[in-house]
Amino acid sequence: MKISEASKVSGVSARSLRYYEDEGLIVPGRCGNGYRDYCRSTIDRVRVIRSLLESGLPVRLIKEVLPHLTAQADADVEVVCAEFLQEVQRYRDRLAARIVSLSDQRAALDAYLREARRTDR
């Protein structure tokens, strides 16, 4: 299917499909005229990518694990998935630390604003 149909079927914009291709996340086929040709397995892969992106994972991590998530089951997949889960946990922990830091900053700004408003009267 062409990019416009793939966009409708996958729920992802044509621009995003091109971006995924540029990042090496998908490799659509090509028609004789050079147009992209998306097959069902590529659309399925796009849905996996979208799901991972929506969960907050960066493209860097998705690019590392995607080949193993869509490959046939074998012993290496379990090892890679375990490593991937550890990397996701580390990413989540860094995110949680950033949230704490931002919350502290917000609290400091709130205190500053309260004090400024109190002395402004």
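See the structure above.
These notes cover the structure that comes with them. Quantities reported herein were computed from a predicted structural model and do not represent experimental measurements.

## Some thoughts on the pattern of salt bridges
And then number 1: A full pass over the atoms with the stated rule returns ten salt bridges.
And then number 2: For R50, the salt bridge goes to E54, with nearest N and O atoms at 3.5 Å. Separated by four residues within a single helix, R50 and E54 lie in helix α3 (residues 40-54), roughly one turn from each other.
And then number 3: Given the relative accessible area of 30%, R50 is considered partly exposed.
And then number 4: Exposure remark for E54: the relative accessible area of 60% places this residue in the exposed category.
And then number 5: Between R90 and E87 there is a salt bridge whose closest N-O contact spans 2.9 Å. Note that R90 and E87 are positioned in helix α5 (residues 75-120) at a spacing of three residues, about one turn of the helix.
And then number 6: Classification of R90 by relative accessible area gives partly exposed; the value is 41%.
And then number 7: According to the relative accessible area criterion, E87 is buried, its value standing at 16%.
And then number 8: Through salt bridges with shared partners, a single ionic network connects R60, E64, E87 and R90.

## Digging into the nonpolar core
And then number 1: Among the nonpolar cores identified, the biggest contains 20 residues, and L17, Y20, L25, I26 and Y38 are the most heavily contacted of them.
And then number 2: For this core, the secondary structure elements donating two or more residues are α1 (3-10), α2 (14-22), α3 and α4 (59-69).
And then number 3: Setting aside residues up to four positions removed in sequence, I26 forms contacts with L17, Y20, E21, Y38, T42, R45, V46 and I49.

## Considerations on the state of the cysteines
Should the sulfur atoms of two cysteines be covalently bonded, the bond is a disulfide.
And then number 1: In the structure shown here, the tally under the stated rule is zero disulfides.
And then number 2: Here C31 stays free of any disulfide, with the sulfur of C39 as its closest cysteine sulfur at 12 Å.
And then number 3: On the accessibility criterion, C31 (32% relative accessible area) is partly exposed.
And then number 4: By relative accessible area, C39 is classed as partly exposed at 39%.

## Some remarks on the environment of Y38
And then number 1: In this structure, Y38 sits in the loop between β2 (36-37) and α3.
And then number 2: Here Y38 falls in the buried class, since its relative accessible area comes to 1%.
And then number 3: With 20 residues separating them in the primary sequence, Y38 and P58 have C-alpha atoms 24 Å apart.
And then number 4: Excluding residues that lie within four positions of it along the chain, Y38 makes contacts with M1, K2, I3, A6, L17, E21, I26, P28 and I43.

## Section: the packing of α3 against α4
And then number 1: Close contact between α3 and α4 brings their axes to 11 Å; oriented N to C, the two are set at 140 degrees. Judged by the angle between their axes, α3 and α4 are oblique. The chirality of how α3 crosses α4 is right-handed. Contact residues: α3 offers R45, V48, I49, L52 and L53, while α4 offers V59, I62, L66, P67 and L69.
And then number 2: The class makeup of the residues in the contact of α3 with α4 is nine nonpolar, no polar and one charged.

Definitions and cut-offs
- Residues numbered from 1 in each chain as written.
- Predicted model: local features only at pLDDT ≥ 70, side-chain atom pairs only at ≥ 80, totals over all residues.
- Heavy atoms only, no water.
- Salt bridge = Lys/Arg side-chain N within 4 Å of Asp/Glu carboxyl O.
- Helix = DSSP H or I, 4+ residues; strand = E, 2+ residues; numbered from the N terminus.
- Buried < 20%, exposed > 50% of the residue type's maximum accessible area, 1.4 Å probe, protein only.
- Core = buried A, V, L, I, M, F, W, Y, C linked by side-chain atoms within 4.5 Å.
- Contact = heavy atoms within 4.5 Å.
- Disulfide = S-S within 2.5 Å.
- Axes fitted to C-alpha atoms, helices over the stretch in contact; angles between N-to-C directions.
- Parallel < 35°, antiparallel > 145°, perpendicular 65-115°, else oblique.
- Left-handed = near helix turned anticlockwise from the far one by under 90°.
- Nonpolar A, V, L, I, M, F, W, Y, C, P; charged D, E, K, R; others polar.

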